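# Observations on the three-dimensional arrangement
Chain by chain, the residues:
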Amino acid sequence: MSTSRRDPLLRAASTARPVAGRLLLALLAGTAAAGSAVALTATAAWLISRAAQQPPILFLMVAIVAVRFFGISRGVFRYLERLAGHDAAFRWLADLRVAVYAKLERLAPTGTAAFRSGDLLARLVSDVDTLQDLWLRVLLPYATAALVGAGAVALVAWLVPAAGLVLLLAILAAALIAPLVALAVARAAERRVSPARGALATAVQDTLTGTAELAAFGCADDALSQVDAADQTVRRAEGRSAAGAGLGAAIAAAAGGTAVWAGIALGVPAVRDSSLSGVALAVVVLTPLAVFELVSALAPAAQQVPRVRAAARRVFDVVDAEVPVLEPIDPLPLPPRPSGVKAHQVSARWTPDGPDVLHGVSIALEPGSHVGLTGPSGVGKSTLAAVLLKFLTPSAGIVRVG
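Cut-offs applied
For every chain, the first residue of the written sequence is number 1, and numbering continues from 1 onward in sequence order. Given that the model is predicted, a residue must reach a pLDDT of at least 70 before its local features are reported, and side-chain atom pairs must reach 80 or more before they are shown or counted; all residues, however, enter totals for whole chains, interfaces and linings. The basis for every side-chain value is the complete set of non-hydrogen atoms in the structure, without hydrogens or water. Only Phe, Tyr and Trp rings are paired, with Trp represented by its six-membered ring, and only when their centres lie within 6.5 Å; those with planes under 30 degrees apart are stacked, over 60 edge-to-face, the remainder tilted. The secondary structure listing takes helices from DSSP runs of H or I that are at least 4 residues long and strands from runs of E that are at least 2 residues long, numbered from the N terminus. Per-residue accessibility, obtained with a 1.4 Å probe over protein chains only, is compared with the maximum for each type, and a residue is labelled buried under 20%, exposed over 50%, and partly exposed between these values. The criterion for strand pairing is that DSSP finds at least two bridges linking the strands in question. In this analysis, axes come from line fits to C-alpha atoms, helices being fitted only over the stretch in contact, and the angle between any two N-to-C directions falls in the range 0 to 180 degrees. Here, residues are in contact when the closest pair of their heavy atoms is within 4.5 Å. To define a nonpolar core, start from buried Ala, Val, Leu, Ile, Met, Phe, Trp, Tyr and Cys residues and group those joined through side-chain atoms within 4.5 Å.

### Quick word on the packing of aromatic side chains
- Applying the stated rule across the entire model yields two aromatic pairs.
- Between Phe69 and Phe70, the ring centres sit 5.5 Å apart and the planes meet at 65 degrees, which makes this aromatic pair edge-to-face.
- Centre to centre, the rings of Trp92 and Trp135 are 5.9 Å apart; their planes meet at 80 degrees, and the pair counts as edge-to-face. Of this pair, Trp92 sits in helix H3 (residues 61–107) while Trp135 is found in helix H5 (residues 133–159), placing the two residues 43 residues apart along the sequence.
- Since its relative accessible area comes to 12%, Trp135 is described here as buried.

Listed below in structure tokens is the structure:
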């Protein structure tokens, strides 16, 4: 499959191989941090319930040490996860931005005609920055939640199997159903965010660049109105996106509450028939609370996918753009100076599928001579100059130096 036809998210992810080790470290540290948080809640629940029975203090020492360990390790692992994850993401973005800039250098000046300058700036800056969310807000949170959620379900199911099943269904609802509902509400808005930001950047730059001319011709108010309209478009798209995120968060919160009430409803009868101790009931009830502090972030994480995909597509549109000048595999050495330039039956076009602007033009420029090109706008004067400067490859004919 050609790179231009691949899903932009898969293509973006495939470029992160140089930082795969750091991303794996971030995943392990994030899993350890989330696992410590869940273990801290479960251990503290057991310790408080058991301490209420006033046993000898030695019976509580292991739990006391465990609470201290999980409390400290959670912060340490979270710091390590943030450090490794952001370091990997920033290194990846730096390499990607260099690749985009290198392609722009090859496209300039004639190959960038398909992009407006403000939009190009948005692609190079904001769209590339958006791609970091692929790791920091989507893949790493989901992987961490999957690993820690599986452990929490196993713990609760070991104590009360039915409560473990309910917790599993609640996690699936928060991790899958809530994001799908949020995406259904905000999918169109998420797709419009990146293009709308590009349009806003273009409008702002055009207004600032042409301030003197706009003021001189009395068009400043119209230009500001266009900027305001572009800003309103961005705000509407982001507002719809926020509404989807809120709906997903509500579903996730409802799923978490269901898991807690299910733990109470299923755990109390188990205590009555002596299949579960009262101390363990606290673990069954409070563990879902810790799990859903982690799972509740998945709906906003999944909602980033359309925005990240749109940003990746816009970035790779630049990377895949056809270079207007084809360099020879084995270039000839430069002729001695001064050298003349001759164009023979040259035709040229600005886009691969567009019409020829030049048609069989021949011209000879001798050293020290002066040649003037005249003609109405659109006849091809700038195109011929671009061909002679090797800013544009002819579609037919040949240009010789010396």
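### Overview of the sheet that holds strand S1 (residues 341–348)
- Pairing is antiparallel across the open sheet formed by three strands, whose spatial order is S2-S1-S3. Two strands lie at the open edges of the sheet, namely strand S2 (358–365) and strand S3 (396–401), each paired on one side alone. Between one strand axis and the next, the sheet turns through 15 degrees on average, direction left out of account.
- Summarising the sheet, S1 and S2 pair through five bridges and their orientation is antiparallel. Across the sheet, Ala343 pairs through a bridge with Ile363, a residue of S2.
- Here helix H11 (residues 381–388) sits on the sheet and contacts S1, S2 and S3; the angle it forms with S2, its principal contact strand, is near 60 degrees.

### Brief notes about the nonpolar core
- Counting residues in hydrophobic clusters, the biggest one holds 34 residues, and the most contacted among them are Leu159, Leu167, Ile171, Leu276, Val284, Phe292 and Val295.
- Taken together, the elements giving at least two residues each to this core come down to helix H2 (20–51), H5, helix H6 (161–209), helix H8 (220–272) and helix H9 (278–295).
- In terms of residue count, the dominant contributor to this core is H9 (10 residues).
- Among all residues touching Val284, those that are not within four sequence positions of it are Val156, Leu159, Val160, Ala163, Gly263 and Leu276.
- Grouped together as the second largest cluster of nonpolar side chains are 26 residues, Leu93, Val308, Ala312 and Val318 included.

### With respect to the pairing of S1
- Relative to S3, S1 runs antiparallel, the two sharing five bridges. Bridge pairing in S3 places Ser347 opposite Ala396.

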